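Structure assessment
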2 protein chains.
Amino acid sequence: MERREFLKKTGVAAVAAVAGTTIAAPAIWAQGKTYQWKMVTTWPPNMPVLQVGAERFAKRVEEATNGRIKIQVFAGGELVPPMGVFDAVSAGTVQVGSGASYYWAGKVPAAQWFSSVPFGLNPQGINTWFYSAGGLQLWEEVYAPFNVVPRPQGNTGVQMGGWFRKKMEKLEDFKGLKMRIPGLGGKVVSKAGGTVVLLPAGEIFTSLERGVIDATEWVGPLHDLRMGLYKAAQYYYYPGWHEPGTCLEVIFNKKEYDALPKELQTILDAVAMETNMWSLSEFEARNGEALQELITQHKVELVKFPDELLDGLRKLAKETLEEEAAKDAPSKKVHEAFKKFKEQIGVWGSISENAYYNVIADKYSLKG
Amino acid sequence: MERREFLKKTGVAAVAAVAGTTIAAPAIWAQGKTYQWKMVTTWPPNMPVLQVGAERFAKRVEEATNGRIKIQVFAGGELVPPMGVFDAVSAGTVQVGSGASYYWAGKVPAAQWFSSVPFGLNPQGINTWFYSAGGLQLWEEVYAPFNVVPRPQGNTGVQMGGWFRKKMEKLEDFKGLKMRIPGLGGKVVSKAGGTVVLLPAGEIFTSLERGVIDATEWVGPLHDLRMGLYKAAQYYYYPGWHEPGTCLEVIFNKKEYDALPKELQTILDAVAMETNMWSLSEFEARNGEALQELITQHKVELVKFPDELLDGLRKLAKETLEEEAAKDAPSKKVHEAFKKFKEQIGVWGSISENAYYNVIADKYSLKG
């Protein structure tokens, strides 16, 4: 039996110091118990930053633990269906999952606030809430009954408002508009009189091109460019009021996580936080490049949603969130905490990031 | 000789698998070579987020390595003077340092671009540059001749513009103004006709209160509140054009870093990146709270620098940066890369974060 095989089976490394013997220092970390884990994700294979980020997480964990934790990653559908990720981790079928918390809204209504809500926190806002204002503890509370431990693992940045085949001048223009927009954003569009259409990713482009739908949101310039949406609709609207900084999650089966020695828990947590930062940085850099390509090569027309239209959507979003919050006690608790934090950080944001952005804005404005 | 002591002296753990014996799995990570390191910082003892962040880094590294790397942290002056940190790490007197790269401008002019420059990148902008657009590789290049490896370890967020005893209406109001503002910001103020005064932290409050200086910048609401600056000057200006997102660094002696096994390098890198995210989140949350206190309890008058004044400063900042870039080849290279990246990310920022901030801004505006 080889040493590694033996260690895997018994989980034991007996360490004996051979006094008086001089041996070249081994550059490897002596092994304790090892863990062969599986991770299932909600993303298609090779999806930039999202599936790639989940794979990066697994690779970094293996490197940092010198192989003590090896995580085999399965894209959506390869082992369990994309929407089965939470249940698989909850049941312990697999040890790890990766996705976004709003996918579990049907089962865990309060989960929605931990990804993104319309007119909610921006990327650094939600990170600040998680790490320095109690948000992550609330998230842990909400997932604990399901035997799941959550960690932020990425962020899409402020998303784009979507691709429209007609100009949007006022809130009333949503009346009768057929738009592919899932989740809370969809509920808001529906309140505005739109017809919300749910489509799998593979059918979005064709449906938009053929006019089966009038509009769709997707993610941001990077992913929208890859899907070719600029060929199917003329107007590219901003900002993405419905998802202003969507947090992606890595989730662990709680029993498996709790059973780890402290140092391995710390490594999982550190690598999750590192991947969160990496993911937002990748999204920003690649979105910046893709936007240039959309503007210069594909002559895409960027349009800002009119202020009045946004004001109207914001009122409807507020109603939607209050309705969602009334669904159960955890949702109410999370909604109240989220609102309170948003209120406070908003004042600071308005005189720091926002004020600074406005100073440098003219230089970068698309008008010149 | 105890096992740990033996390992420290020889750097060797001979691992023998005791086949056929069943032992309860040890919950600890078997030890390889251990490292007893020292870290010196540029910060006063207990300085919120900054010194606290350096200590957090050391603690997390010890946890993640299960004690294989132990880092003893010394605040500024405890082992070496604050401005001696870079040299101590470069010479190998200590293995680790923590500070901000612009402190080393006298020795390494190109280092300035890796902390913050006037009218430069905001916090996520500089992180994106480092992690996803080649910035960190450039930084490594610039420090390599000094035997130093840099990693971003924190970010102050957009700083405040400073405390002024008189209103600033136009660029000409800087003429004859005595202001404590170090670094590139100071050079810009000097170009505008101001008299730049350099003072140690302990003398800032008294100097401002007695009118020895007319104005000072410090950090942001959290640190400014603690220093009591609201008692010494009436007007609190924003935004901090001179430091719009200052990156803090952790630096390693290159020989020590390179000699580590791969898994320990990965842990240092992951914990540095985690601490970077933690630091900005802490700054944002605590600045948000401190700002509320300044406004509600201390009735501080917040004032935005007039646009024209900022335009004037921006022109002078551009001149200043071009002059600095001309100092040596590395500075020129870094400056050009920084400018190019800033230009590209600026367009994306203007339709994502900036546009979204402006949508939610009215709700949080200080006017009501």
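Every residue gets a number counted from 1 within its own chain, in the order that chain's sequence is written. To read the labels, note that chains go from A and ligands from 1, taken in the order they are written. Confidence filtering applies because this is a predicted model: local features only for residues at pLDDT of at least 70, side-chain atom pairs given and counted only at 80 or more, and all residues used for totals across whole chains, interfaces and linings. For the side-chain quantities, the full set of heavy atoms in the structure was used; hydrogens and water were omitted.

1. Concerning the overall build of chain A
- Secondary structure counts use DSSP, requiring at least four H or I residues in a row for a helix and at least two E residues in a row for a strand, with both numbered from the N terminus. When its secondary structure is counted, chain A shows 13 helices and 11 strands.
- Classification of the 368 residues of chain A by burial places 62% in the buried group.
- Once local pairs closer than 6 in sequence are excluded, the contacts in chain A between residues at least 24 apart make up 76%. Using a 1.4 Å probe on the protein chains alone, a residue whose accessible area is under 20% of its type maximum counts as buried, one over 50% counts as exposed, and one in between counts as partly exposed. Contacts between residues were defined by any pair of non-hydrogen atoms, one from each residue, lying within 4.5 Å.

2. Concerning the domain arrangement of chain A
All names here are of chain A.
- When its domains are assigned, chain A resolves into domain 1 (32-155 + 245-296 + 328-360) and domain 2 (159-242 + 299-325).
- Those domain boundaries reflect an automatic or database domain assignment. Relative placement of domain 1 and domain 2: their C-alpha centres are 24 Å apart.
- For the pairing of domain 1 and domain 2, the buried interface totals around 2,300 Å² over both sides, and the portion due to carbon and sulfur atoms is 69%.
- Accessible area that two parts lose when put together, with a 1.4 Å probe and added across both, is what the buried area reports. Area buried by domain 1 at its contact with domain 2 is led by Pro118, Phe119 and Leu294, which between them contribute 34% of it.
- Under this definition, polar contacts are N or O atom pairs within 3.5 Å; protein pairs additionally need one hydrogen-donor-capable and one acceptor-capable atom, and for neighbouring residues in sequence, both atoms have to be side-chain atoms. Linking domain 1 to domain 2 there are 12 residue pairs in polar contact (both at pLDDT 80 or more).
- Breaking the side of domain 1 that touches domain 2 down by element, the ones donating at least two residues are α10 (262-296) and α12 (329-351).
- If one sorts the elements of the side of domain 1 that touches domain 2 by residue count, α10 sits on top with nine residues.

3. Some remarks on the sheet that holds strand β4 (residues 148-155) of chain A
All names here are of chain A.
- Sheet architecture is open: five strands sit in the order β2-β1-β3-β10-β4, paired in mixed fashion. Single-partner strands in this sheet number two, and they are β2 (69-74) and β4. Adjacent strand axes in the sheet meet at a mean angle of 25° when their direction is disregarded.
- Judged from the seven bridges that link them, β4 and strand β10 (residues 247-253) form a sheet pairing that is antiparallel. Across the sheet, Pro150 pairs through a bridge with Ile251, a residue of β10.
- Sitting on the sheet, helix α4 (residues 123-132) is in contact with β4 and β10, with an inclination near 150° to β4.
- An axis is simply a line fitted to the C-alpha atoms; with a helix, the fit covers only the stretch in contact. Between two such axes, the angle follows the N-to-C directions and lies from 0 to 180 degrees. Across the sheet, α10 is in contact with β1 (35-41), β2, β4 and β10; its angle to β4 comes to roughly 30°. Pairing between strands requires that DSSP locate at least two bridges from one strand to the other.

4. Regarding the pairing of β1 of chain A
All names here are of chain A.
- Counting buried residues in β1 gives five out of seven residues, a clear majority hidden from the surface.
- Sheet topology note: the β1/β2 ladder contains six bridges and is parallel. Looking at β2, one finds that Lys38 is bridged to Gln72.
- Handedness of the β-α-β unit built from β1, helix α2 (residues 50-64) and β2 comes out right-handed.
- Pairing between β1 and strand β3 (residues 96-99): three bridges, direction parallel. The handedness rule is simple: strands pointing away from the viewer, and a clockwise path from the first strand over the helix to the second, make the crossover right-handed.

5. Comments concerning the packing of α10 of chain A against helix α4 (residues 123-132) of chain B
- Contact pair α10 of chain A / α4 of chain B: the axes reach a minimum separation of 8 Å and the direction vectors enclose 90°. On the basis of the axis angle, α10 of chain A is roughly perpendicular to α4 of chain B. Of α4 of chain B, the residues touching α10 of chain A (which contributes Met277, Trp278, Leu280, Ser281, Glu282, Glu284, Ala285 and Arg286 of chain A) are Gln124, Asn127, Thr128, Tyr131 and Ser132 of chain B.
- Any residue that is not Ala, Val, Leu, Ile, Met, Phe, Trp, Tyr, Cys, Pro, Asp, Glu, Lys or Arg is counted as polar, Gly included; the first ten are nonpolar and the last four charged. Each residue belonging to the contact of α10 of chain A with α4 of chain B can be placed in one class, and the counts come to five nonpolar, five polar and three charged. Should an angle fall under 35 degrees it is taken as roughly parallel, and over 145 as roughly antiparallel, whereas 65 to 115 is taken as roughly perpendicular and any remaining angle as oblique.

6. So, the pattern of salt bridges
- By definition here, a salt bridge exists when the distance from a side-chain nitrogen of Lys or Arg to a carboxyl oxygen of Asp or Glu is within 4 Å. Under the defined criterion, the tally for this structure stands at 48 salt bridges over all chains.
- A salt bridge links Glu289 of chain A to Arg286 of chain A, with the nearest nitrogen and oxygen atoms 3.1 Å apart. With a gap of three residues between them, Glu289 of chain A and Arg286 of chain A both fall in helix α10, about one helical turn apart.
- What makes Glu289 of chain A partly exposed here is its relative accessible area of 39%.
- On the accessibility criterion, Arg286 of chain A (21% relative accessible area) is partly exposed.
- Note that Glu217 of chain B and Arg180 of chain B form a salt bridge whose closest N and O atoms lie 2.7 Å from each other. Taken as a pair, Glu217 of chain B in the loop between β8 (215-216) and α8 (221-226) and Arg180 of chain B in strand β6 (residues 178-180) lie far apart in primary sequence, 37 residues in all.

7. Here's the deal with α4 of chain A
Residue and element names in this part refer to chain A.
- The buried fraction of α4 amounts to 10 of the 10 residues, a majority that puts the element mostly inside the structure.
- Within α4, burial applies to Pro123, Gln124, Gly125, Ile126, Asn127, Thr128, Trp129, Phe130, Tyr131 and Ser132.
- Positioned one or two residues after α4, Gly134 has a phi angle of 85°, which is positive.

8. Let's talk about the nonpolar core
- Within the largest apolar cluster, 140 residues are counted, with the highest numbers of intra-cluster contacts made by Trp129, Phe130 and Tyr143 of chain A together with Trp129, Phe130 and Tyr143 of chain B.
- Shared between two domains, this core takes at least three residues from each, and those domains are domain 1 (32-155 + 245-296 + 328-360) and domain 2 (159-242 + 299-325) of chain A.
- Discounting chain neighbours no more than four positions away, the residues touching Tyr143 of chain B are Phe86, Ser101, Trp104, Ala111, Val148, Pro150, Glu249 and Ile251 of chain B.
- Nonpolar core, defined: a set of buried Ala, Val, Leu, Ile, Met, Phe, Trp, Tyr and Cys residues in which side-chain atoms within 4.5 Å join the residues together. Core analysis: the second largest hydrophobic core is formed by 45 residues, Val96 and Tyr257 of chain A together with Ile69 and Val73 of chain B among them.

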